[in-house]
Every structure is written in C-alpha cells, then in structure tokens.
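Commentary on secondary and tertiary structure
Below are the chains, spelled out letter by letter.
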Amino acid sequence: MNPILPNQYYIPDVEARVDTDGTVYLYGSKDIVNDDCYCSREYQVFASRDLKEWKTGEISFSAEWMKKDTELRLYAPDCIKKEEKYYLLYCLADGTEGIAESAYPMGPFQDRGVIPGICGIDPSALVENGKVYYFWGQISLKGAQLDLESCRLEEGSIVEGILTQDKDGFHEGSSIRKIGDKYYLIYTDTSRGRATCLGYAVSDSPLGPYEKKGIIIDNTGCDPSSWNNHGSIQKIGEQYYVFYHRSTHNSEFSRHVCIEPIFIHEDGTIDEVEMTSQGAEAYIECTRRLEASAFCLIHGKAFLQDFSSAGESFEFLTNIHDHDGAFIKYYLFDKEVKEFCVLAANVGEDAVILVHLDNAEGEVAAAVTVGRTEGHYDFQKFSGAVSRQVEGKHAVYLEFIGKDGKLLNLKSMYFK
C-alpha cells in the first residue's frame, strides 16, 4: 500500500537498492513533520524483503557526526556497494557533498570527508567494472569518475551539461541505473511547468550523451501545494518499480515515499504510470480498512494532516469543502459488499459523502450522511448502503457535499 512506510515517517528523495540477498534498502532524506523547510539533519534507512513489512533502522548518519560542525540540513543521498563496503553519498544544504562508509547497508556510516571541487546537491552513483560514476547538480547535471578511497574526482573526467533544464527539463534529483546495455538517468523534470515529474533519459555510455525519452510518473494532485518529486527505479525480483514521493499537509514538505510497478519495453522505453493507492500490490481487497493516507489523488482544497498523541499517530483528510473529492485506486470487488463505512468527525451541519465508481462522474454506489460529533478529532462511525452488487476492479472516488466552509475530517473508510 502507498505510502509504503508507516505514516509517522516522512522519507522523500528515495534511492531504492537491492542487496545480494534480495533485501530492499531505502536511502532518502528525512522531513520533519509540519516543518516549513526541506529535510532534516539526519538520515534513516529502511529495509524489506516483501515491499510490505519494513524494518526501521537507527539513525544512519547525522550532520552532527561530520568532522566539521554544521547546523545545515542533509539533502537527498545515495548509497552504493563496492567490495563488500557500503558508501553513503551525502549532501548538505550549502552544496557540500561527501562520502561516509559502513560495513552494513543500514549503517551507521562513518564520515570519510567531503569531495573537493563540488558544489551541488542530490548525488547519485553507479559502480561498473570497478569504476564509480558520480553525478550531481541542479539545472545542469554534471558527472565524473569518483575515487572512493581519496574522496576525489578523477582528474579530467568531469562532463558538464549531461542534462539541462532548457533541453531536457532537468531540475535536480538525478538517479543512475544500468538496464541491459543501456544507462538510464531518472530525474526531477520540470517540462510540465512544475517539478512534479520524474523524467528519464537513456545513453550507451555512463557519462553520455543522453537522449530524453519521456516521463515515468507525475505526482500532480497529491496535495494542493505540492511542488517537487524525486525518486529512482529499481528491479526487485522480476519486476521494475518506480519509487517517488508525495507531499502532504498542504505544503511542499512532509513527503511520503510511494511505489508503482513499471514496464520497460524491448525498445527501452517506459510507459508513464499513474499514482495509485495499492502501489506494489495487485489490488486492494474490497473489505480492507484504509486510512486516509491511502488517498492517491485529491481534488479541491482538502489535504492530509497528521494527528499524534501518546497513544496513537495517524493522518486524516481535512480542510474538506463542498465538491472536494479524493480517489482510492484500485479495489477488487470479489465478494458482496452491503455498506460503505467511514470514521469521521464533524462539528458543523450534516455533510454527505458520495461514493462514485471508476471516476469523479461515475455511478454513485453509496451515500453516507455524516452528522455532528463532539469535536474535530471525535471520529465516529457513519455508514450508507451500497445500492447494488459491485464486481471486478474499480477506482472509488469520494465526493464531499455540504454547505459553505469546512465540512468534516475523515480518518478511515471501508466496505462491509
């Protein structure tokens, strides 16, 4: 399910890596919930064998561990494995980039020092035939060969303008992979006017030249104020996936990592895929209880917000106005359902949730009236009858109907 990590973790800019035993590791930056700035001063690694259950590592690297004192935040990292050692490639908000080393994929990583001559962000790297190819930069992507032992770029190896914003829509966030005999650069793409896309370019050589081929995913619509996207592609078992992030909290920040399966054609092209709720899973069981964080596309003013107390932590859909809506994609209806139920809080007049099938104008399969509760977080159960037997695979779109102003808060939902 998307997002793939527990809701209290906001891990954007993810590089997914698979080790020799098949374990998937996620290396990303780390947002501070409800902060109004990108990232934080630490990294944390997550691991899984099935893309469903994730092990949470301890802090793997911190700005405080560096040899120089710094209050700067750590931006997007990468991690590569060479000769049974793991090398974390980190960057700071001032453009400093460096290398940290560990014997373990989840760290902790010990700082090896900064790479001289680099001022940029978002490092990525590829190990091939004993060589390390290193990429970095915004607006114009640079690449070079990197000597991990000396923490220096190989003299004379720097290539400028591998991708540019004018030519390729390149904004930042490069990620390098080799697939077959081709090299793929995945990157934050502004060609649709905002940095919400992951584009890709292909070459016969690690350092180019590269030809832009298309867009893999666009996270427009995940949040009213979403601005950027950053991720990677990775083969896990026999399936390729794209890892990307979605903003929450009506902000550019508090970003969650998500995943979608992708297909690479024989000619090397990749079809653009949509954001879904089920992510790496084939479908959502129709009677599965879903948290509001499962909404993959939100229309109108509504957005996801967090609630934390000593006893629980969750996200809920809030700031919902008349005719706002949100998608769940995709349910499989393989058994009869008779009710649609929600946990909602409402301090105003009654509001109605219309349950559309397939799209925002689709058939209304149920209607739920949400009455008044005792407070904004007094989530109570409300339900409505399903009007007919539903079969097969369907998207579900919830449309919210009510008077002017904020209507309700929605915590979770399920068919019964």
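Criteria and cut-off values
- Residues numbered from 1 in each chain as written.
- Predicted model: local features only at pLDDT ≥ 70, side-chain atom pairs only at ≥ 80, totals over all residues.
- Heavy atoms only, no water.
- UniProt positions renumbered as here; feature names shortened; annotations may be inferred.
- Pairing = 2+ DSSP bridges.
- Helix = DSSP H or I, 4+ residues; strand = E, 2+ residues; numbered from the N terminus.
- Polar contact = N/O pair within 3.5 Å; in protein donor to acceptor, adjacent residues only side chain to side chain.
- Contact = heavy atoms within 4.5 Å.
- Axes fitted to C-alpha atoms, helices over the stretch in contact; angles between N-to-C directions.

In the nomenclature of an unreviewed UniProt entry, the chain is known as Family 43 glycosylhydrolase of Candidatus Eisenbergiella merdavium. Quoted verbatim from the Sequence similarities (unreviewed entry) field of the UniProt record, the comment on the chain reads "Belongs to the glycosyl hydrolase 43 family."

Moving on, we come to the pairing of strand β28 (residues 364-370). As paired elements, strand β27 (residues 351-357) and β28 share six bridges and run antiparallel to each other. Note that in β28 the partner of I353 across the bridge is V368. Here β27 folds back onto β28 in antiparallel fashion, the turn holding six residues, of which D358 has a positive phi close to 80 degrees.

Here the focus is the UniProt feature "domain: CBM6" (unreviewed entry) in the chain. Feature annotation in UniProt assigns "domain: CBM6" (unreviewed entry) to the following positions: residues 323-415. In the segment residues 323-415, helix accounts for 0% and strand for 57%; the C-alpha atoms at its two ends are 22 Å apart.

Time to look at the side chain of S175. Mapping S175 onto the fold places it in strand β13 (residues 170-179). In terms of polar contacts, S175 uses its side chain to reach the side chain of E15, at 2.8 Å. Discounting residues that sit within four places of it in the chain, S175 has contacts with E15, S124, Y184, L185, I186, G231 and S232.

One open sheet holds the three strands; their spatial order is β17-β18-β19, and the pairing between them is antiparallel. A single partner strand is all that each edge strand has here, and the edge strands are β17 (232-236) and β19 (256-262). On average, adjacent strands in this sheet sit at an angle of 30 degrees to one another, irrespective of strand direction. Note that β17 and strand β18 (residues 239-246) share five bridges and pair antiparallel. Across the sheet, the residue bridging to K235 is Y240, located in β18.

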